[in-house]
Amino acid sequence: MTSFTFGDRQQYLQLVGSKAATGELKLFVPHFKRTSLTDVRELSPSTTPSCDIPFSFDCVEPLDFEAHISNQMASSELGSLENLVDFPKDDIEVTLSPRLYRTVNPAVPDDWNNLTPQVRSCVKTYTKNWLTVMRRYQKCSIGSRRKGLNLPHQVFECDESFSTEKPNLHLCWHNSVAVQADELETEAPELFIQKLLQPMDQEEVDRKNETMRKSGRLLDLFMLFPASDEDEAVRHRAIPPSPCEQFEQRLQINFLEFKFEIEIEPLFLILALYDLKERRKISENFYLDMNSEEFRDISQSQAQSLCYFRKAIFSITQPSSEIYLVIKVEKVLQQGSITDCAEPYMTIKENETAKIKEKIGKLRFQAASFCQRLSLYRMPFAWAAVDLMSLTSNRSSQNSLDREAIIGGSGSEVRSRSLDSKNHIFPFGPVQHSLNMFNKQEEDKLSDEDLMKFITDEKKPSPLLRRLRKIPGVFRFEVSPVKDTPSFCFTPDFLELKSSNSGAAELALEVLEFPLPGVLTPHTIYRNLLYVYPQFLNFTNRQGSARNITVKIQMMGSEKASDALPVIFGKSGHPEYVTESYTPVAYHSRSPFFYEEVKIKLPSGLAEGHHLLFTFYHINCQPKQSQDCPEVPLGYSWLPVLDNGHLRCGTFELPVNLDKPPFLYSVSPSSLPGLKWLDNRKAGFRLELRPVSTVHTQERTLERFFSLCEAVSEHYSLIHQTEALSQAVSMLKQVCLEELVQFLNVVLDKLLPLLHLSCRMGAEGAHVSKEVFDVLVAIVDRLQNSEEVKKDALGRSHYLASYVHYMFNMPALHEITASESEKYATLKPEATAALRRIRLRSTSDPAIQSSKPMLPEDRGGSQKHSKLFHEELAYCIVLTNGQVRDQVYRHLWFFFELLVKSMSQYLSDMDRWKCPPKQRFSESYRGIVYTMVNIGTEYVKNQDAEITEMTNLSLGFFLNDLLSLMDRGFVLRLIGHHHKELLENAAAQPHLHDRRINFLRVVCSHEHFVTLNLPLASHSKLQDDNRLLEDTTVHNSPAGMFSLSRRFRQQHFLVGLLLKEIADVLKPDSGRLIRREVVSLLHSLLASHDKDPRLWNRKLKVKVAELYLPFLVIILTALPQLQNLSDSDGPKSKLTTRYSNPRNASSLIFTSPVLLTPSSASSNRYSTPIAGFSSPSATKTAEVTQTLLFCFLWVLKNADETTIKGWMQSLPTPQLLSFLELLDLCVSNFEYEGQPSTEQIGSHVYRKSRDMKARLEDAIFGTTGARSEMMKRREYPGIDRLFSRVSVGLQEKLRWRKDLTQWRQAVDKDKFKAELQQEALISGNLTVETNLIVLDTLELIVQQFSSMPESKPVIMVVLKVLIHSLCCNQSTLYLQNCFNTQRALIARFPEVLFDEDSEHCMELCLLLLQRCMSHFESTRAQASASLYLLLRQSYKEHFSTMKMYITLSLASLAEKISNQDEHCLQKSLGIMLIYLETDKAMEGTSFSIQVEELLRNLKAVLCDTVKLQDFLVDVDMQIDLMFRIAKGLQNYLDLRLMWLRNIAMKHIERKQFAEAAHCMVHSAALVAEYLNRVEGAVHLPMGSISFQKISINVLEESLVCDEVFSMEKEGICSGNSFSEEGLLELLDEAVELFNKAEYYEAVYEIYKIIIPIAEFYRNIKKLSAIHGNLKETFDLILSKDSKRLFGTYFRVGFYGSLFGELDGQEYVYKEPGITNLVEISARLQEFYKKQFGKDRVEVIKESSPVKKGKLDPSKAYLQITYVEPYFEEYEVKNRVSYYERNSNLRRFIYSTPYTLNGRAHGELSQQYKRKTILTTLHAFPYIRTRISIIERQEVSLRPVEAVIEDMQKKTQELAQATSVNPPNMKLLQMVLQGSVGTTVNQGPLEVAQVFLSEIPDDPKLFRHHNKLRICFKEFLKRCEDALKKNKSLITSEQLEYQRELERNYEALEHNLQPFINRKIPHLYVMTRL
C-alpha cells in the first residue's frame, strides 16, 4: 500500500494564522507522493492558495451562492417560486428524544448511591437520552411514493383473452364466395363517431384533441420508471438501527399439556436449549409448573400469590442443525432410588379396576406425606429431548428422541421450514408437537456432558438403547416464530415488556440466550446477572451419614446468617426472588453430580464482602423422633464474588469446611486457625460461575480505563495522572475485540471527551489528546476490518454508525443550569438563547487561537485558549500521518459524521442557525475543512482502487452535509475541486471515472439540489465575473437556455457538472466504461424531482425542467450513439414494409427495427424483434438508451411548451428531423410487452429457483463473493459500474451487501404471478405515458410548422413516427388520441400522404386495417373512421391508388387472420358502410358505388384467406383456397405472383415438382404478359401464348384487365419480378423444377423462350450453358422415356353434409406414379376420420353413380375410382411420345362392369361395361393436384364389345413387350405368362367358346363377331412372335421354361383354330356386294 505525507505542525500554524490582503484565509494544499510515510516537504509561502480556491483547470467556478441568494430574496416578483430561492429556516432538526426501552420500566440499578464509577459510567450510557440531528427535508429527496402505486388499468388488446366458439371447420363453409361477398354487415357500432363528417375548424380540432390527450395524465412520471435500488443505495445513507437489544430468530413455545400415565404427585419441568454441534448449553433454564391445583397445594408449605409462566420465548442467534430442546422432569424427594420411584409409572396402567385404584391411592398418600415434609427438596426423575430444528423445518417425522408417537404439525401450513444458512431460519407456521415417552434419569449421569452424549448416542440406532425402559406420558406444546411481543411478557430480569397486544393472556417469559463466542454485539441495557452451576461434590471420605446430599446456595451481603440477600430468581410457582436455593438430591450418592442452575441478580454496588455461601446437607427421607428437621449439616464452603474488584468467572474447586464458619471467614479463609477441613483441605466441591453483566467487564484494562476516566471527570487538576491515563488509553488497543464491542458505547462516551483534556492538563494534554485520537482511530479500524461486525450497504459498521447517530453528544466542560431536556425541548434549532449550552473550547496547542473569546482560568490558575470540539477533531484529522492517516482516510466516514453532528449541535446550542452561512464558522475552521477535503482528494487519487471507494463516498457525504451547514459557495468550490482533480487523473487511472461519478451522485442527492443550482439565477442582475459577460446574452436567449455554455455551468453548477459528464460519455470517441453510471445518476435525480412533493406545483416543475434543457441538445447530438446502443448488431434501418397480425407473434408488419425492448420474453405482437438483442451487451446498452430516452421525455413533458416551440423553430431542418427520429426511438424503446402467460410464469419461477440454487453453490464453493468481485474490479477498474446486470455478483454489490449472497427459496408461484401482473400494469402505464408525451411533442411540431412553406419533409417524418407508434402494442386510450392526431394531420397536410414520393400511404392503410380487426369496438370505430376518411380525401385524384393499397394491404394481412379477426373486420367494414350511407357530401357521385364494390372485393378476399386457417391440416383444401385467392387477385399482379409462389412452396414441400414448376410457368407467363403490354420488345415472349406448348392452362394469364397495365406509373407492379431479370429468374426456377419432375420436354420449350433473350444480349456464356443443358436433357429423354412415372389419376367424389362445400363435388386427383387404389383410399379415409370421427366416414366401394337419398346424412362418404387418360383417335395419332400422352390431360376414362339384372358381375355373355369419360376444368399437370370435373360422358358396351376391347388391350401389351428396344426379358416373360400360361389360357378359350362358337342371330353383331375372330388371330400371332423373341434371349437354364410356354401356346392355338376359321357367310356376301 502506498502512503502520503503532510507538512509539519509549524507549517500548519503558519497556514491558519496568516491573513491575505483581502482578509481571506490562505489554505494549505498538502503534498502527496508514493514514498515513505515520514517524508516531509517544506512549504513555501507561494504555494498557499486563498480561501476562494482559484481553480486553474478548465472548469467553471460556481457563482457566489450566498450573494446570489441575498440578491434574489430581495426581489418582490418571486411569488410561488420563493421556495426555490433558499433553504427553509427549519432545515436542520436537533432533537433530544427519550430513549426507547422494550420494557415498561427501564432496567436500572436498585441502589444509585453505592455504584462504583465503572457501573455508574455504564448505566449512564445505557440510560441517557438520544440526541439526533436530522435534515427535515431529506426524506423528500429519497422519495415517498412506491413504484406503481394507484395506477389506472390500461387496456391492451394483447392482454385480453377473447373466447369464441370455434365451429366445425367444414360446417362453417356453407355458402359460396359470391354469396358471402354480398352480405356486408351494417350493424351500427356503439362508438360511432357522430361528428366525424361535419366540417370543423382545424384550431378547434387541435384544442379538442389536446384536452383529450392531457386529461388524467400522471404527474409522477418516474413512478413508472424508478431508479434501481442499487443506485439509491449509493446516494443515501440509511439511518442505522437504534442501540437497543437486537434479536436474530426467536421462537415462542406454548406449553399445552403435561401428565404421565398415572397421576400420583406433583412434577416439575426444566427446559433449556442445547447445541449438540457446539457441545454447549445456549440458554438459561426455564422452569415450568403444570401441576393441577390439587398437587400445587400439597407441594407448597404456605399459601402465596404466585405466578406460573406457561409460555417461553427462546432466542437463537446462530441456528445450527442440532439444536435440541431438553426437558428435565423433577419430583419431590422421597425414599428410594429413581428406578424405584419410576417403577409405578412404567408398570401401572390407569383403569377403573378396584385393585388399580387402591394401589394408586396408596401411592398418592405416600407422595403427599413426602411433599409435606420434604417439599423444599427435589430429585431427578426423567428427561426427554426434541430436535427443534427438525421440528421447525418439518424435514423428518422423527422430530425427537421419542421414536414411537409423533404428532405432526397442525395449524397453518408451513411454507418453508429449513435453515437458510447457519444464521437464518426460514419462516414457518405454528407447529404442535407431542412427546409420549420420557427417558428415566440415570443417577450417576446428571451432568450436561452426560446428557449431550446420551442424546448423540440415541440418534444412532442401537439394540441396547431400544431395550431401555421408557416412562409413558404426554407433553404437548406448540412452537411458533415470534412476530409481536405477547402481552404479559417479562424479560429474563423479570421486567415487564411493552406490548401492542391487548387482552388477558397467560404469562410469558423471555429465556436468556447466553452470549456466544464470536458474536459481537454492544451492550445497550443494564443487566447484572450471575449464574452459579454446582457440578460435583466428593464426600466419599467423610465419616458418618452423608448420602442424600443437597447443596444450599446463598448470596451473602455479610457473614451474618440473616444477611442472605433475596437476589436468587425464583422458579415458576415460587416468589420472584428468594434467599436460597437447593440442588436436587441424588439418592444414596456420596459423590453426587449436579445440574442445578442458580440465577442471581448481582447487587449494583458489589463490594468485597459479597460472597457465595454453600451449605451441604444430608436429607433424612424418613422422619426421626430425635430430629424434626430433615436437614443434617455436612459442611460449608464459600467463594467471594469479587477478586480484587474484578468479577469472578469460570470454574472453581473449593475445599469443604466441616464446622460452622467462624467470624471473618469470607475475608481470608487461609489465615483462619482451628478450621476443620475435609480431606486435609483438598478441593472437594467444584462449581462454575458464569456472569452475564453489561457493567462488569472481564478485561482489567477496560476496568482501569473506566476508573481513570471517572477520576478525570471528577477532578479538574490531575496532571500527575496524565501518564497513567495515556497508558490506559493506549492499552485499549490490546483489548480483545469481543469485549471492546460489548462496551463500545461506554468506551466512546469516555474516549471522545478526553480530546479536551489539554485545557486541564496544560502542555501534557496535547500528548494525551493525540494518544486518544490514535486509539479512536485504531478502534474504528478494528471494527471496520472485522468480518464479524455487521455493516450496512455502504460498508459502515452498524455499531459505530448507531453510536454517532443516536448517542454521541458533543463533550462539554462547563454548562449553565439549563438541563439538556430544556435545551432541546422545542425540537427546533431556533431555541431561545436562555437554553443555549456554552461549549468551552480547549486546545491541544496554545499557538492556535480560536475565533471565540478566551474562557476564565481553570483551577490550575493558567489561562488557556479554547477550541470547539469539531475544531479539535478536525485538527486531529489533519495532523495525522503515517499509518494512522491511512486508517483515518480509509474510514473517513466515521470522523466526518462526528464532525457534522458536533457542528450541527454547536449551531443549535449557540443559536447560530439565524446567522448567514458564511458567518456560522470561523475562517480558520474553513481552512481546516478545505485541507481535510484536499487530503482526502489526494488520497483517492494516489491510493489503490480497492481502498478508496469508501473514502470517496465519505467525502461526498461530508460535503453533502456541509451544504446544509456552511457557506454553500465555499462547499460548491470544494465539490468542483474534487471533481476536477479526479477528472484530470482519470486517463491514467480509469477507476477514477467510477469514483468521480459516485462522488457526484452523492453530492447531487442533497434534498435542496434544485435550490443549489440557482434555478432562478437568470432573473438575477448580479454579474461577478467579467470574463463571462459575453456569454450572458446567449444564455438568456431561448436557444441559449439549451446550450451547455460556461455561463450555464456557472449558474447551475451541479447540473452543469452532471450534463457535462453525460455529454462527454456520449461522444463517439469517448470509450468510457461508466456510461450507465452517469445515466443512472441523471435518472435518479429526475426521479427525486418527481417524488418531491415540494415540486409538484406546475410552475416549479417548469423551472426544474429548465435546468435540464441542455440535455435535449446533448441527446440529440448523441442520436447515432443511441441507435448503436439500441441495436448493437447494425445501424438503424428505416421503417420497412412488413406485415403482421395484431395477435400473431409470428407474423410480419411495418415496423422500425430500432430499439424494440430487448428484455421481452415473447415476440412483439405488432413488430418484429431485433436479432441483435440476443447478446448480453445489446441488453446492457439498450438499458442505457432506454434510461436516456426516458429522461429526455421527462424534460419534454415538464418543460414550458413555448420554450420548446422556440427551440424547435431555431433548429435547422436536419436537426429537427433527427429530433423526430429521437421521438421514433422513444416509441420503440417503451413498447408494451404484455402480461406473462402461465407457462412464462412457471418457467420464470423455475429459472429463478435454479439461479438461486446456483448462487448458493457459488457461495458454498467460493466461486463468487466479495473477494472475487473485488478482484474483478481491480483487474478491470470501473467495469462493475458499466451496467447493472453484468453478473449476479456485480449486480448485488457483494462487497457491501453480504447478506445478499445467501440463497433464498423461490417465491410462491401465485405470489410471483401477482408481482408480474403488477409489473405489467406499470409497463402498460409507462407505454401509454411515454407515447402520449411523444404525441404531445408531435402536435407542437405540427402547430409550429403548419404555416411554414418548407414543412413537407418535417411533416413526412411526423407521419412516419405516428405510423410507427401504431405498429406497436398500444392501449385503447393511446390509440384514440393517436387516431385523432392522424386524422388531423392528414386533413391539414393531405399531400404528404398522397404524394408520389410518399411511401407511407401503403403503410397507413395496412395499419388501419390491422386496427380494424381489433376486438375492442372503440379501436375499430377509430380505425374505420380513419380508413373511410382516407378514401374520402383521395377520391378526386388518387382514388384508384388508394383502393389498390387497401386491397393489397388486406391481402397481405389476410393470411394470418383468424375467424374472430374476420368477424371484427367485417364489423369494421360495416362501420365504413354506415359512414358511406350517412355521408351527404358525397351524394351524387360515383364514390358510393366504388366504395361498395371495394368493400365487396375485400370481403371476398377476406373469406378465402381466413379459411386458410381453418384448413391447416388439409393441404389440398389449402391449395384450392390459395388458388382461388390468386384468381381473385388477377388484377393485382404483385399479389397474384406472391400467391403463386406460395402455392409452389406448398408443392415443393410435398415433392410435387411438376405442379410447382407450372406455378413458375404461370408466374413467368404473367410477367411476360406484363412486359409485352408495357414494353413490347422483340426478343421477349409475346405474352402467355408463348407458353401454351408447355401448358394450355397458361392462356388464363392473358385475362388481366388493360387498366392494370395503365397503372404502371403509380408503382403497382414495382416488384423485381416484373422485369427481364425477374422473368429469367422465374424461367430458371421452372427449368430446375421440371428437371426434378422429369418433364424434360417442358425444359426444352422453356429454353426456346430463354434463347432469344440471351441471343439479343449476346450472352454467349448463357447460350453455351443452355445448349449444354439441352444436350443432357435430350439424352435423358432417350435413356428414360417411358420409364418415367408421371402420375396416376383417381376420381374422388365427396358426399355428405359434413364436407360442407365439397358435398356433391367430384375431382380428379393426380397422385405419384406408383400409387394404387388402396393407398389413396386409405390416406383419404384416415384423414377424414381424424376430422369427423372414426365412425362417420365410409368409402363407397362401387364406381356406379351414387344415389344420395339412400345415404346416411350424419356420415361422410367417399367414392374413389382409378381413371386413365382418354384420347380420341386423332389425339392418339398426334400424341406420339410418352411425354405427350402424359401432359395437357383434360379427359379421363374409367370402366364400370354391370349386368342387366342390376348386379355388377354375371355370366360372360351377360357382362356389360360402362365407360365413363370425365372432362376437368383445367389440364393436368396444373398448379393444383386436384381439378374439379366439369363434364361427364358415359358409353355402354355390349358383352362382345367388352371382350373385343380386352383382347385388343392384351394384344397391344404383347406387341409392346416384343418391340421394346433394348429387349426387356423379364417384362416379356411376364406378359407371355399372362397370355399363354396353363391357367391363363383358359380365359381366351372361354371367350372364344362363348362368342365364336355360334354365329349370332342379330346381323348387327356380325361385324363384332368377325372383329373378335380377327383379334384372336392377331393375339396368336403376337404370342408366336413373343415366344420367338423370348427364345432368342434366354439362356440354357430357361430352355425347359421355354418348352413349357411353347406347349401351352400350341395347345391354345389348337383349341382356338375351329373358332378362328369359322366365317359368317352373310358378312362376306354383303362385303362383296
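Residues numbered from 1 in each chain as written. Predicted model: local features only at pLDDT ≥ 70, side-chain atom pairs only at ≥ 80, totals over all residues. Heavy atoms only, no water.

1. Overview of the overall build of the protein
Our working rule: Secondary structure elements follow DSSP: runs of H or I of four or more residues count as helices, runs of E of two or more count as strands, with numbering from the N terminus. Partly exposed residues are those whose accessible area sits between 20% and 50% of the maximum for their type, while under 20% is buried and over 50% is exposed, using a 1.4 Å probe and protein chains only. The contact rule is simple, with two residues in contact once any of their heavy atoms fall within 4.5 Å. A 1.4 Å probe and the Shrake-Rupley method give the accessible areas. Residues count as covered only by the protein chains that appear here.
On a plain count of helices and strands, the protein comes out with 66 helices and 34 strands. Burial status across the protein gives 56% buried among its 1969 residues. Residue pairs in contact within the protein that sit at least 24 positions apart in sequence constitute 77% of those at least 6 positions apart. Roughly 83,700 Å² of accessible area belongs to the protein as shown, and the carbon and sulfur atoms make up 51% of that amount.

2. Overview of the environment of Asn-129
This is how the line gets drawn: Residues adjacent in sequence count toward polar contacts only when both atoms are side-chain atoms; beyond that, a polar contact is any pair of N or O atoms within 3.5 Å, and within protein one must be able to donate a hydrogen and the other to accept it.
Within the fold, Asn-129 resides in the loop between α3 (117-127) and β2 (130-135). A C-alpha to C-alpha distance of 9.9 Å links Asn-129 and Asn-809, two positions 680 residues apart in sequence. The contacts of Asn-129, once residues within four sequence positions are left out, are Leu-96, Ser-97, Pro-98 and Arg-99. A polar contact of 3.4 Å, which involves the side chain of Asn-129, links it to the backbone nitrogen of Arg-99.

3. As for the side chain of Lys-1197
Of note, Lys-1197 is situated in helix α37 (residues 1176-1198). A polar contact is formed between the side chain of Lys-1197 and the backbone oxygen of Leu-218, at a distance of 3.3 Å. Excluding residues that lie within four positions of it along the chain, Lys-1197 makes contacts with Arg-217, Leu-218, Leu-221, Arg-1098, Glu-1329 and Ile-1333.

4. Here we look at the packing of aromatic side chains
Threshold: Pairing of aromatic side chains here covers Phe, Tyr and the six-membered ring of Trp, requires ring centres within 6.5 Å, and sorts the geometry by plane angle: under 30 degrees stacked, over 60 edge-to-face, intermediate tilted. Our definition puts a charge over a ring when NZ of Lys or CZ of Arg is within 6 Å of the ring centre and also within 35 degrees of the ring normal.
If you walk through the whole model with that rule in mind, you get 69 aromatic pairs. Note on Tyr-906 and Phe-921: the rings are 5.8 Å apart at their centroids and 40° apart in plane angle, and the pair reads as tilted. Of this pair, Tyr-906 sits in helix α24 (residues 892-909) while Phe-921 is found in the loop between α24 and α25 (923-942), placing the two residues 15 residues apart along the sequence. Phe-921 carries the same exposure label as Tyr-906, and that label is buried. Look at Phe-1042 and Trp-1207: their rings are 4.8 Å apart centre to centre, the planes differ by 10°, and that puts the pair in the stacked class. Placement of the pair is Phe-1042 in the loop between α30 (1029-1036) and α31 (1046-1051) and Trp-1207 in helix α38 (residues 1201-1210), with a sequence separation of 165 residues. In this structure Trp-1207 comes out as buried when scored by relative accessible area, which is 3%. An aromatic cluster is defined as three or more aromatic residues linked by ring pairs; in this entry it consists of Phe-255, Phe-258, Phe-260, Phe-286, Tyr-345, Phe-381, Phe-438, Phe-475 and Phe-477. Sitting over the face of the ring of Phe-569, Lys-599 holds its NZ or CZ atom 4.5 Å from the ring centroid. If you follow Arg-1810 out to its NZ or CZ, it ends over the ring of Tyr-1794, 4.5 Å from the centre.

5. Concerning the nonpolar core
Stated precisely, the cut-off is as follows: Remark: nonpolar core denotes a set of buried residues (Ala, Val, Leu, Ile, Met, Phe, Trp, Tyr, Cys) joined through side-chain atoms within 4.5 Å.
Membership of the largest hydrophobic core comes to 369 residues, with the highest contact counts inside it found for Tyr-1108 and Phe-1192. Sort the elements by how many residues they give to this core and helix α54 (residues 1553-1574) lands first, with 14 residues. For Tyr-1108, the contacting residues outside a window of four places in its chain are Phe-1009, Val-1055, Leu-1059, Leu-1082, Leu-1085, Leu-1086, His-1089, Trp-1194 and Val-1195. Core analysis: the second largest hydrophobic core is formed by 74 residues, Ile-282, Val-386, Phe-477 and Cys-621 among them.

6. Here we look at the packing of helix α45 (residues 1372-1388) against helix α47 (residues 1400-1412)
To be explicit about the condition: Fitting a line to C-alpha atoms yields each axis, with helices limited to the stretch in contact; the angle taken between N-to-C directions then spans 0 to 180 degrees. Each crossing is labelled by how the near helix is turned from the far one, with a counterclockwise turn of less than a right angle marking it left-handed and a clockwise turn marking it right-handed. Amino acids outside the nonpolar list (Ala, Val, Leu, Ile, Met, Phe, Trp, Tyr, Cys, Pro) and the charged list (Asp, Glu, Lys, Arg) are all regarded as polar, and Gly is one of them.
The geometry of α45 relative to α47 is characterised by a closest axis approach of 13 Å and an angle of 145° between their N-to-C directions. For α45 against α47, the interelement crossing comes out left-handed. The residues of α47 that touch α45, namely those facing Leu-1375, Phe-1379 and Gln-1382, are Leu-1404, Leu-1408 and Arg-1411. Taken together, the residues of the contact of α45 with α47 sort by class into four nonpolar, one polar and one charged.

7. Description of the sheet that holds strand β22 (residues 611-619)
The line we're drawing: When DSSP locates at least two bridges between a pair of strands, those strands are taken to pair.
Taken in spatial order, the four strands line up as β20-β17-β22-β23 in an open sheet, and their pairing is antiparallel. Looking at the sheet topology across the chains shown, the edges are occupied by β20 (580-582) and β23 (631-640). On average, each strand axis in the sheet is tilted by 20° relative to the strand beside it, whichever way the strands run. Pairing between β22 and β23: nine bridges, direction antiparallel.

8. Here's the deal with unusual backbone geometry
Along the chain, Phe-1820 connects to Pro-1821 via a cis peptide bond; the corresponding omega equals -10°. Tracing the sequence through the fold places Pro-1821 in the loop between β33 (1808-1820) and β34 (1826-1837). Residue Asn-1861 is joined to Pro-1862 through a cis peptide bond whose omega torsion reads 5°. Topologically, Pro-1862 is positioned in the loop between α61 (1839-1859) and α62 (1865-1876). The phi angle at Lys-1551 is positive, at roughly 60°, despite the residue not being glycine.

9. Comments concerning the pattern of salt bridges
Heads up, the rule is: Salt-bridge detection follows one rule: a side-chain nitrogen of Lys or Arg within 4 Å of a carboxyl oxygen of Asp or Glu.
Scanning all chains against the criterion turns up 91 salt bridges. Linking Glu-1638 and Lys-1680 is a salt bridge whose minimum nitrogen-to-oxygen distance equals 3.1 Å. With a gap of 42 residues between them, Glu-1638 in the loop between α56 (1620-1637) and α57 (1640-1656) and Lys-1680 in helix α58 (residues 1660-1680) connect regions that are remote in the sequence. Overall, Lys-1680 belongs to the partly exposed group, its relative accessible area being 29%.

10. What to know about helix α59 (residues 1717-1732)
Applied cut-off: What a helix should span is 1.5 Å times the count of its residues minus one. Relevant arc is that of directions from the helix axis to the C-beta atoms, nothing else.
The end-to-end C-alpha distance of α59 is 22 Å, a good match for the 22 Å that 16 residues give at a rise of 1.5 Å each. Buried within α59 we find Ile-1720, Ser-1721, Leu-1724, Phe-1727, Tyr-1728 and Phe-1732. What you see down the axis of α59 is that its buried residues fit within an arc of 140°, all on one side. Facing away from the buried side of α59, by more than 90 degrees, are the exposed residues Val-1718 and Lys-1730. The secondary structure elements touched by the buried residues of α59 are β28 (1688-1695), β29 (1706-1711), β30 (1737-1740) and β31 (1756-1765).

11. A few points about the confidence of the model for the protein
Note the cut-off: Confidence scores labelled pLDDT are given residue by residue by the predictor and lie between 0 and 100.
When pLDDT is averaged along the protein, the result is 78, and 78% of the positions lie at 70 or above. By mean pLDDT, the top-scoring element of the protein is strand β21 (residues 598-601) (95), and the lowest-scoring one is helix α5 (residues 177-181) (34). Confidence drops under pLDDT 50 across residues 395-422; counting only partners more than four residues distant or on other chains, this segment forms 79 contacts.

12. Overview of a negative patch on the surface
Using the following cut-off: The patch calculation keeps residues exceeding 30% relative accessible area without a salt bridge and links them within 9 Å when they carry like charges or within 5 Å when they are nonpolar (Val, Leu, Ile, Met, Phe, Trp, Tyr). Under the counting rule used here, the positive set is Lys and Arg, the negative set is Asp and Glu, and His together with the chain ends is not counted. To locate a charge, take NZ of a lysine, CZ of an arginine, CG of an aspartate or CD of a glutamate.
A contiguous patch of negative charge on the surface is contributed by Glu-261, Glu-263, Glu-294, Asp-297 and Glu-350. Looking at the element boundaries, Asp-297 is found in helix α8 (residues 293-299).

13. Some details on a nonpolar patch on the surface
A cluster of nonpolar side chains, Met-1582, Ile-1585 and Leu-1595, forms an exposed patch at the surface whose accessible area comes to about 300 Å². Structurally, Met-1582 is set in the loop between α54 and α55 (1602-1606).

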